[in-house]
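# Report on the structure
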Amino acid sequence: MCNLSSKGIAKQHHYTVYLFDRKKVAPKEYSVEEMADDQFRVLKEIGIEKADFYGVSQGGMIGLAMAIRHPEIINKLVVCSTLAKASKEMLETVKIWSELAERKDVIHLNRAFFNMVCSESYRKQFEEVLPELEKVGPNEDCEHFLTFIKACAKIDLADKLKEIKCPVFVLGDTNDTVLGIEETHRLIKELGCESYIYNEYSHSVYDEAPDIKNRIFEFLKK
C-alpha cells in the first residue's frame, strides 16, 4: 500500500511519498482489519496525522478498512484492483495459490502469479527474465504469502462501506482475472465515488497503464 502524504501539495504541487509493505513476520491468522490497525499505529508513530492514501490489490483492501476504522487519518483515498468482499474469482485465485504455497512449489507459484496478475502483452516484455524470476523466493516465503492471501479470501467490508466519508477514487480493469470486475463495480456503486475502469490491461493495471499516475494525481489535486 502506497501512502501519499498531502504535506506541501498546495504550495509545491508535489507529494512526500511514504511506501509501506506488510509485516515481514506476521501471525498465521491476520485479517485485513488487523493490517489496517497496524498501518494506522505506524503512521501515528512516525507523526503523520492526515494523508492521502493509495492502495493497490490487498493494499486497497487495507485502505478501505482504514477509512472505516480510522477515518480521521485519511484525506482522500485511491484504490486500484481491489474489492470490499471476496468475489468468486478471488476465492478461486486464493485456492490455486494456496495449494502451490502449501506445497512450497516456488516456481509454479511464481508462474501462476505472473500469469494471473499480468496481461500477456506485459509478460512478453519480460519473457527473457521470467524463467529466472520464477525461481525467486525461499520456501519460507510461501508461509508468509499464505497468511496474506487467506486474508483476502475472508475480507467482507461490504456492509460498512457507507461509513466511508472521505472522497474515494476507484480504478480497475475489466480483464482482472484475479478479482474479476463485478465486485469492483459493486464497490463503486456502494461508495457513489469517482472511478475509471480500463479495458486493455489486467489486475496489475497499476503497473501497466501508462496514464494511471496522472489520473490519480488529478483526483488528489481537486
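Quick note: structure is the one above.
This write-up is about the structure you can find in this document. Because the structure is predicted, anything quoted here is derived from the model rather than measured.

Cut-offs and rules
- Residues numbered from 1 in each chain as written.
- Predicted model: local features only at pLDDT ≥ 70, side-chain atom pairs only at ≥ 80, totals over all residues.
- Heavy atoms only, no water.
- Helix = DSSP H or I, 4+ residues; strand = E, 2+ residues; numbered from the N terminus.
- Rg over C-alpha atoms; globule rule 2.2 N^0.38 Å.
- Buried < 20%, exposed > 50% of the residue type's maximum accessible area, 1.4 Å probe, protein only.
- Contact = heavy atoms within 4.5 Å.
- Areas by Shrake-Rupley, 256 points an atom, 1.4 Å probe, with all protein chains shown as cover.
- Lys, Arg positive; Asp, Glu negative; His and termini not counted.
- Charge placed at Lys NZ, Arg CZ, Asp CG, Glu CD.
- Core = buried A, V, L, I, M, F, W, Y, C linked by side-chain atoms within 4.5 Å.
- Axes fitted to C-alpha atoms, helices over the stretch in contact; angles between N-to-C directions.
- Parallel < 35°, antiparallel > 145°, perpendicular 65-115°, else oblique.
- Nonpolar A, V, L, I, M, F, W, Y, C, P; charged D, E, K, R; others polar.
- Salt bridge = Lys/Arg side-chain N within 4 Å of Asp/Glu carboxyl O.
- Left-handed = near helix turned anticlockwise from the far one by under 90°.
- Polar contact = N/O pair within 3.5 Å; in protein donor to acceptor, adjacent residues only side chain to side chain.

What follows is about the overall build of the protein. Regarding its fold elements, the protein presents 11 helices and six strands. Against the globule reference of 17 Å for 222 residues, the protein gives a C-alpha radius of gyration of 17 Å, in line with a compact fold. Its C-alpha atoms give the protein principal-axis dimensions of roughly 50 × 35 × 30 Å. Each of the 222 residues in the protein was classed as buried or not, and the buried ones make up 49%. Excluding contacts between residues fewer than 6 apart, the proportion of contacts in the protein whose partners are at least 24 apart in sequence is 73%. For the protein, the exposed area adds up to about 11,800 Å²; of that, 52% sits on carbon and sulfur atoms. Distance between charge centroids for the protein: 4 Å, based on 31 positive and 37 negative side chains.

Time to look at the nonpolar core. Ranked by internal contacts, the top residues of the largest apolar core, which has 70 residues, are Leu64, Met66, Leu77, Met90 and Ile164. In terms of residue count, helix 3 (residues 58-69) provides more of this core than any other element does, seven residues in total.

It is the contact of helix 2 (residues 32-45) with helix 3, at a shortest axis distance of 8 Å, that shows an interaxial angle of 75°. If you check the angle between helix 2 and helix 3, you find them roughly perpendicular. Mapping the contact onto sequence places Val32, Glu33, Met35, Ala36, Asp37, Gln39, Phe40 and Leu43 in helix 2 and Gln58, Met61, Ile62, Ala65, Met66 and Arg69 in helix 3. Looking at side-chain class alone, the contact of helix 2 with helix 3 contains nine nonpolar, two polar and three charged residues.

Let's shift gears to the pattern of salt bridges. The tally for this structure, following the rule as stated, stands at 17 salt bridges. A salt bridge links Lys124 to Glu120, with the shortest nitrogen-to-oxygen separation between them at 3.9 Å. Placement of the pair is Lys124 and Glu120 together in helix 6 (residues 120-124), with a separation of four residues, close to one helical turn. Put simply, Lys23, Asp38 and Arg41 are held in one network by salt bridges that share partners.

Another aspect to go through is the packing of helix 4 (residues 88-102) against helix 5 (residues 106-117). Put simply, helix 4 and helix 5 touch, their axes get as near as 9 Å, and they point 160° apart. Regarding the angle of helix 4 to helix 5, the classification is roughly antiparallel. Regarding helix 4 and helix 5, the two cross each other, and that crossing is left-handed. The residues of helix 5 that touch helix 4, namely those facing Thr93, Ile96, Trp97, Leu100 and Ala101, are His108, Leu109, Ala112, Phe113, Met116 and Val117. Each residue belonging to the contact of helix 4 with helix 5 can be placed in one class, and the counts come to nine nonpolar, two polar and no charged.

Attention now moves to the side chain of Glu183. Looking at the element boundaries, Glu183 is found in helix 9 (residues 182-191). Its relative accessible area of 13% is what places Glu183 among the buried residues. At a separation of 3.1 Å, a polar atom in the side chain of Glu183 contacts the side chain of Arg186. Not counting residues within four places of it along the chain, the set of residues in contact with Glu183 comprises Leu83, Lys85 and Ser87.

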